[in-house]
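Residue-level structure breakdown
Chain by chain, the residues:
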Amino acid sequence: MNAGIDVKQIQRFGAFYIAGARIRSISKWKAIIAAVDIGNPLFYLISVGIGIGVLVQNHSGTSGTGGIKYIAFIAPALLANTAITGVMDECIFPTIEGFKWRKLFFAQNATPITGYQIATGVYIAAIARAIFSVSVYYVLLLIFNVIDFGTSILLIPVAVFGGAAFGSVMLFFAAKIEKEDYFFNIIQRLVIMPMFLFSGTFFPLNSMPIFLQPIGWVSPLWHATELGRAVAFGYKGPSFLLIVHFLYLAIMIAVAFGLSLRQFERRLSK
Amino acid sequence: MSKPLISVRGLTKVFGDFTAVNGIDFDVAKGESFGLLGPNGAGKSTTMRILAATSTRTSGTVEILDKDPEKFGPLVRAHLGVVPQQDNLDGELTVSENLFIYGRYFGLSKKFIKGKIEELLEFAQLEEKRDVKVEALSGGMKRRLTIARGLVSEPDILLLDEPTTGLDPQARHILWDRLFRLKEQGVTLVLTTHFMDEAEQLCDRLVVMDKGSIMAEGSPSGLIKEYSSKEVLEVRFGSDRNKEIAPQLAQMCERMETLPDRVLMYTEDGEKLLEQIAAAKLHPTTSLVRRSSLEDVFLRLTGRTLIE
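What counts, and where the lines are drawn
Residues numbered from 1 in each chain as written. Chains lettered and ligands numbered in written order. Predicted model: local features only at pLDDT ≥ 70, side-chain atom pairs only at ≥ 80, totals over all residues. pLDDT = per-residue confidence, 0-100. Helix = DSSP H or I, 4+ residues; strand = E, 2+ residues; numbered from the N terminus. Contact = placed C-beta atoms within 7 Å. Nonpolar A, V, L, I, M, F, W, Y, C, P; charged D, E, K, R; others polar. Buried ≥ 20, exposed ≤ 12 C-beta atoms within 10 Å, placed from the backbone. Pairing = 2+ DSSP bridges. Domains from an automatic or database assignment. Axes fitted to C-alpha atoms, helices over the stretch in contact; angles between N-to-C directions. Core = buried A, V, L, I, M, F, W, Y, C linked by C-beta atoms within 7 Å. Expected span 1.5 Å × (residues − 1). Parallel < 35°, antiparallel > 145°, perpendicular 65-115°, else oblique. Left-handed = near helix turned anticlockwise from the far one by under 90°.

Let's shift gears to the confidence of the model for chain A. Looking at chain A, the pLDDT average stands at 90 and 99% of residues meet or exceed 70. The secondary-structure element of chain A with the lowest mean pLDDT is helix H2 (residues 30–60) of chain A, recorded at 83, while helix H6 (residues 155–176) of chain A shows the highest, at 96.

Taken together, the contact pairs 28 residues of chain A with 29 residues of chain B. Listed by contribution, the elements that provide at least two residues to the side of chain A that touches chain B are helix H1 (7–26) and helix H4 (104–109) of chain A. For the side of chain A that touches chain B, the leading source of residues is H1 of chain A, giving 7 residues. Here the residues of the side of chain A that touches chain B sort into 14 nonpolar, 9 polar and 5 charged.

This part is about unusual backbone geometry. Residues and elements named next belong to chain B. Within the chain, Glu154 stands out as a residue other than glycine whose phi angle is a positive 50°. Topologically, Glu154 is positioned in the loop between helix H5 (139–150) and strand E6 (157–161). Taking the C-beta count within 10 Å as the criterion, Glu154 has 18 such neighbours and is therefore assigned partly exposed. One non-glycine residue with positive phi stands out, namely Glu162, at about 50°. Locating Glu162 in the fold gives a position in the loop between E6 and helix H6 (169–184). A residue is classified by how many C-beta atoms lie within 10 Å of it, and Glu162, with 20 of them, is buried.

With that settled, the discussion passes to the pairing of strand E9 (residues 213–218) of chain B. Residues and elements named next belong to chain B. Direction of pairing for strand E8 (residues 205–210) relative to E9: antiparallel, over a ladder of 5 bridges. Of the residues in E9, the one forming a bridge with Met209 is Ile214. With antiparallel pairing between neighbouring strands as the criterion, E8 and E9 make up a hairpin whose turn holds 2 residues, including Lys211 at a positive phi of roughly 50°.

Moving on, we come to the domain arrangement of chain B. For chain B, the assigned domains are domain 1 (6–219) and domain 2 (229–291). Spacing between the C-alpha centres of domain 1 of chain B and domain 2 of chain B amounts to 39 Å.

This part is about the sheet that holds E6 of chain B. Residues and elements named next belong to chain B. The 6 strands lie next to each other as E5-E6-E7-E3-E8-E9, forming an open sheet whose pairing is mixed. Looking at which strands have only one partner, the edges of the open sheet turn out to be strand E5 (80–83) and E9. The sheet shows a mean angle of 15° between the axes of neighbouring strands, direction not considered. Lying over the sheet, helix H8 (residues 220–227) contacts E8 and E9, oriented at roughly 105° with respect to E9.

Moving on to the nonpolar core. Grouped together as the largest cluster of nonpolar side chains are 154 residues, with contacts concentrated most on Ala75, Leu79, Val87, Cys91, Ala159 and Leu171 of chain A together with Leu159 of chain B. Top contributing element to this core by residue count: helix H3 (residues 70–101) of chain A, with 17 residues. Contacts of Leu171 of chain A, omitting those with residues within four sequence positions, involve Cys91, Thr95, Ala119, Val122, Tyr123, Phe257 and Ser260 of chain A. If you look at the next biggest cluster of nonpolar residues, it comprises 12 residues, including Leu233, Leu264, Met265 and Tyr266 of chain B.

Given 3.6 residues per helical turn, the α-helix brings residues three or four places apart onto the same face. Residues and elements named next belong to chain B. For H6, built from 16 residues, the straight-helix expectation of 22 Å at 1.5 Å per residue is met to within 8% by its first-to-last C-alpha distance of 22 Å. Buried residues in H6 make contact with H5, strand E7 (188–193) and helix H7 (196–202). Just downstream of H6, Gly186 is the residue with a positive phi angle, here 90°.

In this section: the sheet that holds strand E13 (residues 286–291) of chain B. The pairing of strands in a sheet comes from backbone hydrogen bonds and takes either a parallel or an antiparallel form. Residue and element names in this part refer to chain B. A sheet is described by the order of its strands in space; here 4 strands give the open sequence E11-E12-E10-E13, paired in antiparallel fashion. Edge positions in the sheet fall to strand E11 (255–258) and E13, since each of these pairs with one other strand and no more. Shown here is a sheet whose adjacent strand axes are inclined to one another by a mean of 20°, direction ignored. The sheet contact formed by strand E10 (residues 231–236) and strand E12 (residues 263–267) spans 5 bridges and is antiparallel. When the sheet's bridge partners are listed, Val235 is paired in E12 with Val263. Across the sheet, helix H10 (residues 270–279) lies against E10, E12 and E13, angled at about 35° from E10, the strand it touches most.

What follows is about the packing of H3 of chain A against helix H9 (residues 220–233) of chain A. Residue and element names in this part refer to chain A. Between H3 and H9, the shortest axis-to-axis distance is 8 Å and the interhelical angle comes to 135°. Judged on the interaxial angle alone, H9 and H3 are oblique. Here the hand of the crossing between H3 and H9 comes out right-handed. Between H3 and H9, the residues in contact are Pro76, Ala77, Leu79, Ala80, Asn81 and Ile84 and Pro220, Leu221, Ala224, Thr225, Gly228, Arg229 and Ala232, respectively. Looking at the contact of H3 with H9 residue by residue, the classes come out as 9 nonpolar, 3 polar and 1 charged.

Attention now moves to the confidence of the model for chain B. All names here are of chain B. Put simply, chain B has an average pLDDT of 90, and 99% of its residues get 70 or more. Across chain B, the element-wise mean pLDDT spans from 78 in helix H9 (residues 239–250) up to 96 in strand E4 (residues 59–64). Quick note on the complex model: pTM equals 0.89, ipTM equals 0.86.

Moving on: the packing of H2 of chain A against H3 of chain A. All names here are of chain A. Orientation of H2 relative to H3, taken along the N-to-C sense of each, is 155°, at an axis distance of 9 Å. Judged by the angle between their axes, H2 and H3 are roughly antiparallel. Considering how the two elements wind past one another, H2 and H3 form a crossing that is right-handed. Residues Asp37, Pro41, Tyr44, Leu45, Val48, Gly49, Ile50, Ile52, Gly53, Val56 and Gln57 of H2 form the contact with H3, whose own contacting residues are Tyr70, Ile71, Ile74, Ala75, Leu78, Asn81, Thr82 and Gly86. Class assignment of the residues belonging to the contact of H2 with H3 gives a composition of 12 nonpolar, 6 polar and 1 charged.

Structure below.
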């Protein structure tokens, strides 16, 4: 071996090599990603934010949304949802592709790169996409004067945090399932859609009947949205709730990402 | 003799209640071209994945460059080039991007990889395809690229799992030529195949595997000498008559195999045997005298043909 391979260096940076390769692939889809991650929530913002915003404004002013204009009220949720769908896409597709469709992970694992590093690299790249999309979207919110610049800049990390939480769960399932046939449909229709509608996205969660509220409680979108509203518009509720939101997302990442690491390593060495 | 690069003792791999590899032993020396010959399901690929330090074993010991691949996976893999049975290239990336990214997984510098890519493109005869997406390549080109990719880190050992399966004859010959060059350069090759001609062309030494066990070990010519006669006479009498005539034929030669479509007669002198058959007024519809091959060795050892 005369190529000068430094295994210690690979052990330190291997996950970033994988993330780099992933980002290279992701960036080939720039246009589509921009349309999906930014265009889609922008449609919601314009149609619901402006359209329903007028209704809300005319009937109750800002009393139902804590003194914030309606379009601004939904902005943190849409931002978090952008992060969630972005991280989800980049966790699910590359993982199933890597294990099953084109078996790229097995090629990567034939080098000194480990299963842990592959899982971590895929996750980092997914989060990088969310950071990119959410940042662009945030700038658009400023340009359209939906929110004011200030502590609202923290909406970016908060949204990405929520995306990372949901994405870690998807990373695990994508690495776990052997038959992906119905997986995407189920996730899209029975998880993403209800989560989007019942997580206090378009109205405060507590305006829903109590038996529907648990959907929001378990949803990372609700926790990220609440955190986002707190950092962007100030927070009037009990401060322990903010800690709960934060911890919920942090624990979700710790558990699901930990399980993902183990699952990647297991499936690769079968 | 210097210490072998690969040393395997009592290697066993069990999946559930199926024993894929059943207590095999072998060594591979530096610069040697070593083959695992056997039909599908013989346990070759499982053995390869264990050698590649990507799969665990149930029992036995494996040492690659003095290290246990199960304990030192990344360290062992740093010295290996792996060409899997199924090309797992990134189809969305170009030929040179695939090589570049793979080199990065070995932590190689960009400068080193760039130089290496030129060398490998020439080796794989893919210079004109450097900026073409991998999806658009033919099967043979993909295969050559996969081999080139395995060489990007200048490995001590190149592991090839069924390198020419699924390729047309011309593509196979190009690939054999490339692999032969590597052999001449002193690269240690370990390959699996179920093609006896491939094993004869490329392997200095091989083991014949069947149902997870090693049936025989030796050089291609040594194995043929040990387990088969010098020549083989193949005769056909038509599907129904082969069996009928078989008992008569059996008396004329040392050993015989009756296959569904033909009868193989093992002898030192095929022409002479054919004359004897004619003298006995048995008239085969076709006849062929050829040298014994590894196929005959396998048939002798297992009673079955390699490709079923």
